[in-house]
Structure formats: structure tokens, C-alpha cells
Amino acid sequence: MDDKKIILNINKLFEKINIFKGDKVLVSSSILRLLVKYKNENKKFVTNIIIDSLIEKIGPEGTLLFPTFNWAFCKGEDFDYNRTESLSGSLGNLALKKKDFQRTKNPIYSFAVTGKDKEYICNLDHESCFGLNSPYGYLIENHGKMLFIDINDIYRDAFTFVHVAEETVGVSYRYLKNFSGNYIDKFKKKKHVNYKMFVRNLNLNALETIIDKEFGNVLIKKHAYERQNINGINLILIDINKAYKAAIDDIKNKKGLIYPLIKK
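Note that the structure is a prediction, hence the values are computed from the model and not measured. All residue numbers refer to positions counted from 1 along the written sequence of the respective chain. A pLDDT threshold of at least 70 governs which residues receive local features in this predicted model, and a stricter bar of 80 or more applies before side-chain atom pairs are shown or counted, although totals over entire chains, interfaces and linings include all residues. Calculated side-chain values reflect all of the structure's heavy atoms, with hydrogen atoms and water omitted.

Caption draft 1: Region of the structure containing unusual backbone geometry. At His143, a position not held by glycine, the phi torsion is positive, near 55°. With a phi angle near 60°, Asp150 is a residue other than glycine that sits in the positive phi range. Per the convention used, a helix needs a DSSP run of H or I reaching at least four residues, while a strand needs a run of E reaching at least two, with both numbered from the N terminus. Structurally, Asp150 is set in the loop between strand E6 (145–149) and helix H7 (155–158). Burial classification: accessible surface area is computed with a 1.4 Å probe over protein chains only, and a residue below 20% of its type maximum counts as buried, one above 50% as exposed, and the rest as partly exposed. With a relative accessible area of 7%, Asp150 lands in the buried category.

Structure follows, in C-alpha cells:
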């Protein structure tokens, strides 16, 4: 398939999904099938087109984010703002290399950001990874959208806003744990820093947080969930503010759709 057809087909991929000019969009993706589908050996070309298509979709008033998470800081390794790679997808790593993107400050849960609110988001100082003064809080407050590209029902494993809800409520099976280590900032200056993350309480044998499939139906009823299949590629779009509030409601009222998996 020639390059013009690839550009056209990827643009069509996002043509009908309800993302509009000025939207704030966080993207989580698995693009292996896309690369196979277009039979293009130049992975960088295809991934660039995906990013550029989304930038065009939201326009200059919009803001686009990709996760660039890396948990090595939790294990005592230095975090290098300019060099530490994302472990949460190739689109994030490519975005980090693009001049119009900037990285947020957190050494564990960082994001590559471009668009109108880039400077604001990347200047947020937040000690807790999932605090409401973090990029997560920005997306909740500003009614952002989360786009999952070809992740199918596994989107529930990637919807990290559930941890924001857990921290907001203050669930008993997680607690704020301090992590400290060396941080090499964008100016290549090294300093010792402290950050916090709302982690599983291993003393309670808490393994992970489960989001039941039925939670998707809750979001559908709240008009917070959209799913489309375009040329064999699954797209899921979630209204972050509504989904966060639904998670808060479920956890607070013990409705049983969001719960810890406990090792017996």
C-alpha cells in the first residue's frame, strides 16, 4: 500500500469517532495490528500519521496526551527526564521525540503533551501520581476524553483513572507509599526527589484492582462510552469526567464493579 493510501486510511480511522476541535484527549493504544494491516515496514511513518491525524482532529485549541509511564524509579533507578523511555507504548516514545511535545514532571506516571494547554500541564507540580493536582486531575476537571486504539475490552486494564478514584475515596486496600531517588531534569541537573503513589496493600494480599465488564454498561447509560470498529480496528472513547464520577460512586457505595483482587 502506498503512503498516500495509508494517510487516507488512518485519517478515516478517526473520521467518525466523536472527537472534536478543542477536545482534551488522552490516547492509549496497541498499534501492532495497524502496522500489519497497512503492511508498511516503516513503523515510524505509520505512527507519525496516527499522531498527526489526532492533532489535526483536535485542532490548535485542543490538547493531546500520550502516556509515557516508567516504573524503574520505584526500584531505585534514576529518572532522566530527557532519556528515560516510556514502557506504555510506542506512540508515547515517538511523541517524546517530536519537537511539539513536552513531557510532564512525574518520574513514574508522566505524559507526552502537545496542544494549547501543554505548558500548563507540564508545569504541574504534584507529589502524588494520582492526585487531583496531576494531569489526571486536569483531564477530569476539563472533561477530557480517553481514546483506546485497538485495545478491545482490555481497556479496563489501562483505565488508570480508577486509581485516582480510589485515592480520592481513600480505599483501605491501597495506601500512599513514598518513593525517593535521583531525578535528572530537562536541564540535565541531578537532584534527589520524593514522590508518592497509591499502591496496593500487600499486607492485605491485594493483587490488583478489577473493573467488572458491567462497568462498561454503566458508562453507556451515562453516555460516557462509545465504541466503533473502523476497517477492523476497534476504537473506544470514554468521557473521563463521567467515568471518574461513576467510579467514585461505585467505590463509595460498594456496588461491586470496582474491587480489589485479594490473594487467598
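Caption draft 2: Up close: the packing of helix H9 (residues 214–221) against helix H10 (residues 240–252). Here, axes are lines fitted to C-alpha atoms. For helices the fit covers the stretch in contact, and angles between N-to-C directions go from 0 to 180 degrees. Orientation of H9 relative to H10, taken along the N-to-C sense of each, is 125°, at an axis distance of 10 Å. By the criterion of interaxial angle, the relationship of H9 to H10 is oblique. At the point where H9 passes H10, the crossing takes the right-handed sense. Of the residues in H10, those touching H9 at Phe215, Val218 and Leu219 are Ala243, Ala246 and Ala247. Of the residues assigned to the contact of H9 with H10, the class counts are six nonpolar, no polar and no charged. Oblique is the label for every angle not falling under 35 degrees (roughly parallel), over 145 degrees (roughly antiparallel), or within 65 to 115 degrees (roughly perpendicular). Left-handed describes a crossing whose near helix is turned anticlockwise from the far helix through less than a right angle; right-handed describes the clockwise counterpart. Note on definitions: a residue-residue contact is assigned when non-hydrogen atoms from the two residues lie within 4.5 Å. Residues are grouped as follows: Ala, Val, Leu, Ile, Met, Phe, Trp, Tyr, Cys and Pro are nonpolar; Asp, Glu, Lys and Arg are charged; every other residue, Gly included, is polar.

Caption draft 3: Looking closely at the sheet that holds strand E4 (residues 102–103). The criterion for strand pairing is that DSSP finds at least two bridges linking the strands in question. Spatial strand order, E4-E5-E2-E1-E6-E11-E10: seven strands in an open sheet with mixed pairing. Each having just a single partner strand, E4 and strand E10 (225–230) make up the two edges of the open sheet. Bridge count for strand E1 (residues 24–29) against strand E2 (residues 63–67) is three bridges, and the pairing is parallel. Paired with Lys24 across the bridge in E2 is Thr63. Against the sheet, helix H4 (residues 90–97) contacts E1, E2, E4 and strand E5 (111–115), and its axis sits at roughly 120° relative to E2.

Caption draft 4: Highlighting the side chain of Glu166. Relative to the helices and strands, Glu166 resides in helix H8 (residues 161–169). Overall, the relative accessible area of 0% leaves Glu166 in the buried class. Leaving out residues up to four positions away in the same chain, Glu166 has contacts with Val171, Tyr173, Arg174, Phe198, Thr209 and Ile251.

Caption draft 5: Structural detail: the layout of surface pockets. Any residue with an atom within 4 Å of a point lines the site, the site being either a cavity, points on a 1 Å grid over the protein atoms alone where a 1.4 Å probe fits but cannot get out, or a pocket, an open set with protein on both sides within 12 Å along at least 5 of 7 lines. Grid points are joined across faces, edges and corners, and a volume is the space filled by probe spheres set on the points. One number sums up the size of the largest pocket: a volume of about 720 Å³. Forming the walls of the largest pocket are 33 residues, and the residues nearest its centre are Trp71, Tyr109, His163, Arg174 and Arg200. The set of elements that each furnish at least two residues to the lining of the largest pocket consists of E1, H7, H8, strand E7 (174–184), strand E8 (190–200) and strand E9 (206–211). Class assignment of the residues belonging to the lining of the largest pocket gives a composition of 21 nonpolar, six polar and six charged.

Caption draft 6: Representation of the sheet that holds strand E3 (residues 79–80). The strand order across the open sheet formed by three strands is E3-E7-E8, and the pairing between neighbours is mixed. Two strands bound the open sheet, and with one partner strand each, they are E3 and E8. Where E7 meets E8, eleven bridges bridge the pair, whose relative direction is antiparallel. Within E8, the position partnered with Tyr183 by the bridge is Lys191.

Caption draft 7: A look at the nonpolar core. We call a set of buried residues a nonpolar core when its members are Ala, Val, Leu, Ile, Met, Phe, Trp, Tyr or Cys and they connect through side-chain atoms within 4.5 Å of each other. Judged by nonpolar contacts, the single largest core of 54 residues is most densely connected at Phe161 and Ile238. Beyond its immediate stretch of four places on either side in the chain, Ile238 contacts Gly144, Lys145, Met146, Phe148, Tyr155, Phe159, Leu219, Ala224, Tyr225 and Ala243. Judged by nonpolar contacts, the second largest core, of 32 residues, contains Ile31, Leu54, Ala95 and Leu147.

Caption draft 8: Fine view of H9. All of the buried residues along H9 are Phe215, Gly216 and Leu219. Looking straight down H9, one finds its buried side chains confined to an arc of 105°; they lie on one side. Elements that come into contact with the buried residues of H9 comprise H7, E9, E10, strand E11 (233–239), H10 and strand E12 (258–262). Immediately beyond the C-terminal end of H9, within one or two residues, lies His223, with a positive phi of roughly 55°. Directions from the helix axis toward the C-beta atoms define the arc.

Caption draft 9: Quick look at the packing of helix H3 (residues 43–58) against H4. Running from amino to carboxyl end, H3 crosses H4 at an angle of 85°, the nearest separation of the two axes being 10 Å. Comparing the axis directions of H3 and H4 gives the class roughly perpendicular. On the side of H3, the interface is formed by Lys43, Lys44, Thr47, Asn48, Ile50 and Ile51, while H4 contributes Ser90, Leu91, Leu94 and Ala95. Counted by class, the contact of H3 with H4 contains five nonpolar, three polar and two charged residues.

Caption draft 10: Seen up close, the pairing of E5. Where burial is concerned, most of E5 is hidden: four out of the five residues are buried. Strand direction decides the pairing type here: E2 and E5, joined by five bridges, are antiparallel. Across the sheet, the residue bridging to Leu65 is Val113, located in E5. Alignment of E4 against E5, held across two bridges, turns out to be antiparallel. For Arg103, the partnering residue across the bridge sits in E5 and is Ala112.

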